[in-house]
Structures are given as structure tokens and as C-alpha cells.
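Here is how the chains run, residue by residue.
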Amino acid sequence: MSKLVRFGVSLEKELLVKFDRDISQKDYPTRSKAIGDLIRESFVKKEWIGGSEVAGAITLVYNHHRRELVNKLTDIQHDFGAFIISSQHVHLDHDNCLEIVVVKGKPKDVEKLAQKLKATKGVKHSSLTMTTTGKKV
Ligand code: NI
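Bear in mind that the values here come from a model prediction, so they are computed numbers and not experimental data.

J.: Teacher, can you tell me more about the coordination of the nickel ion here?
T.: Under perfect tetrahedral coordination by four donors, a metal shows angles of 109.5 degrees; under perfect octahedral coordination by six donors, it shows angles of 90 or 180 degrees. With distances of 2.1 to 2.4 Å, the protein atoms coordinating the nickel ion are H89 (NE2), H91 (ND1) and C97 (SG). Within one chain, the residues donating to the nickel ion are spaced in sequence as H-x1-H-x5-C. Residue C97 is classed as buried on the basis of its relative accessible area of 2%.

Written out as C-alpha cells, the structure is:
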């Protein structure tokens, strides 16, 4: 962790009241942590827009009884194998599976993989959590 610096910020009182209420509901211990997170969040967005290497997690929920669906999802993951660090499969109940695919690569490749998985017939829900490799934030 780099050296901490204190600085003053001028804000409209109403905005600060709203901010404090919001971060209190989110269990932030201090304004500093909340402001730091907002700044890092904007840098992570910039990484995704800028096209540098990013990391993320794709979650998928699907019914494994659907014919060919499991094979299709596996085929797609093999096609994008260079960007997949690991995956975890959880049997949620008798019918439903939850899969978490951890990815790292260029945003366009990661987003293409996430979209292909999501668009596969039989996938009930899928989301991509966009995060950072941690090198730049
Ligand atoms: Ni399963």
C-alpha cells in the first residue's frame, strides 16, 4: 500500500449528507474507504473501455437435463480456453447447475465469451462481473 495523503474536498452539503447516508447503509467504516472505492471503480471502468488486460467472473445457471446444452457450453469454453483461468461447477439442486468461469484477457475477448455463453439456448441466467487484474488500481 502506498503512502496515505490527506486532502480537503468541498461539496454541497446536501450531497455530502446523501453520501454519508448511503455509505452508512453500505457499512463503510470511513468516508475515505468509500471515496477510494469510487475512484478505483472509475479506473476499473477505464481499463474495460481502454482495452487493457482485465479479469472477471462469468456466472451461469442452467438446467443440465437440456440435451446438448452442457456440450455446447463446454465447446464454447474450449474455444476461449486461452482466457479462462478456472471454472467451478456447483449442482444447485436436482435440475439446476451454477457455473462460475474465471476469466482474464482483453475486454473484447472476455465479453465475447460471456455473451456466447449467455446466448446459449437453455441458459437461464448469466452475468459478467467486470473487475481488474489489480495491477493498475
Ligand atoms: Ni451440475
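We are not done yet, so read on.
J.: Would you take a moment to explain the packing of aromatic side chains for this structure?
T.: The geometry of an aromatic ring pair comes down to the distance between the two centres and the angle between the two planes. Overall, the coordinates contain one aromatic pair when judged by the stated rule. Pairing F80 with F83 gives two aromatic rings, centres 6.3 Å apart and planes at 50°, and the pair type is tilted. For F80, a relative accessible area of 10% translates into the label buried.

J.: Help me out: how do you make sense of helix α4 (residues 107-119) in this one?
T.: Every α-helix winds through 3.6 residues per turn, so residues three or four apart in the chain are directed the same way. Counted at 1.5 Å a residue, the expected span for α4 with its 13 residues is 18 Å, and the 18 Å between its end C-alpha atoms agrees. When we look at burial in α4, the residues that qualify are P107, D109, V110, L113, A114 and L117. The inward-facing, buried residues of α4 abut α2 (31-50), β1 (54-63), α3 (69-79), β2 (84-91), β3 (96-105) and β4 (123-131).

J.: What should I look at first to understand unusual backbone geometry in this one?
T.: For residues besides glycine, phi is generally negative; the peptide bonds are generally trans as well. The residue D27 is not glycine, and still its phi comes out positive at about 65°. By the element assignment, D27 lies in the loop between α1 (13-25) and α2. Judged by relative accessible area, which is 66%, D27 ranks as exposed.

J.: Looking at this model, I keep getting lost on the side chain of T120. Mind explaining?
T.: Relative to the assigned elements, T120 resides in the loop between α4 and β4. Polar side-chain contacts of T120 include one of 2.8 Å to the backbone oxygen of K116. Once you skip the residues sitting within four places of it in the chain, T120 turns out to touch L69, K72, L73 and I76.

J.: Help me understand the sheet that holds β1 in this model?
T.: Either a parallel or an antiparallel arrangement is found when strands of a sheet pair, and the pairing is made through backbone hydrogen bonds. Read from one edge to the other, the open sheet built from four strands follows the order β2-β3-β1-β4, with strand pairing classed as antiparallel. Edge positions in the sheet fall to β2 and β4, since each of these pairs with one other strand and no more. Neighbouring strand axes in the sheet, compared pairwise and without regard to direction, differ in orientation by 15° on average. Pairing of β1 with β4, which is carried by eight bridges, proceeds in the antiparallel orientation. Note that in β4 the partner of G56 across the bridge is M130. Relative to β1, α3 is tilted by about 170°, and along the sheet it contacts β1, β2, β3 and β4.

J.: Mind showing me how you'd approach the environment of K106 here?
T.: Of note, K106 is situated in the loop between β3 and α4. Each C-alpha atom of the pair K106 and D95 lies 34 Å from the other, and the pair is eleven residues apart in sequence. Setting aside residues no more than four positions away along its own chain, K106 makes contact with G51, S52 and V54.

J.: What should I look at first to understand the pattern of salt bridges in this one?
T.: Opposite charge on two side chains permits pairing when their charged atoms draw close. In the structure shown here, the tally under the stated rule is six salt bridges. The salt bridge partner of D37 is R40, with a shortest N-O separation of 3.3 Å. Here D37 and its partner R40 are both found in helix α2, three residues apart, which amounts to about one turn of the helix. Its relative accessible area of 23% is what places D37 among the partly exposed residues. Of the charged contacts, one joins K108 and D109 as a salt bridge, the two residues approaching to 3.7 Å between their closest N and O atoms. For K108, a relative accessible area of 61% corresponds to the exposed category. Through salt bridges that share partners, K33, D37 and R40 make up one connected network.

About the thresholds
Residues numbered from 1 in each chain as written. Predicted model: local features only at pLDDT ≥ 70, side-chain atom pairs only at ≥ 80, totals over all residues. Heavy atoms only, no water. Donors = N, O, S within 2.8 Å, 3.2 Å for Na, K, Ca; no water. Buried < 20%, exposed > 50% of the residue type's maximum accessible area, 1.4 Å probe, protein only. Phe/Tyr/Trp six-rings, centres within 6.5 Å; stacked < 30°, edge-to-face > 60°. Helix = DSSP H or I, 4+ residues; strand = E, 2+ residues; numbered from the N terminus. Expected span 1.5 Å × (residues − 1). Contact = heavy atoms within 4.5 Å. Polar contact = N/O pair within 3.5 Å; in protein donor to acceptor, adjacent residues only side chain to side chain. Pairing = 2+ DSSP bridges. Axes fitted to C-alpha atoms, helices over the stretch in contact; angles between N-to-C directions. Salt bridge = Lys/Arg side-chain N within 4 Å of Asp/Glu carboxyl O.

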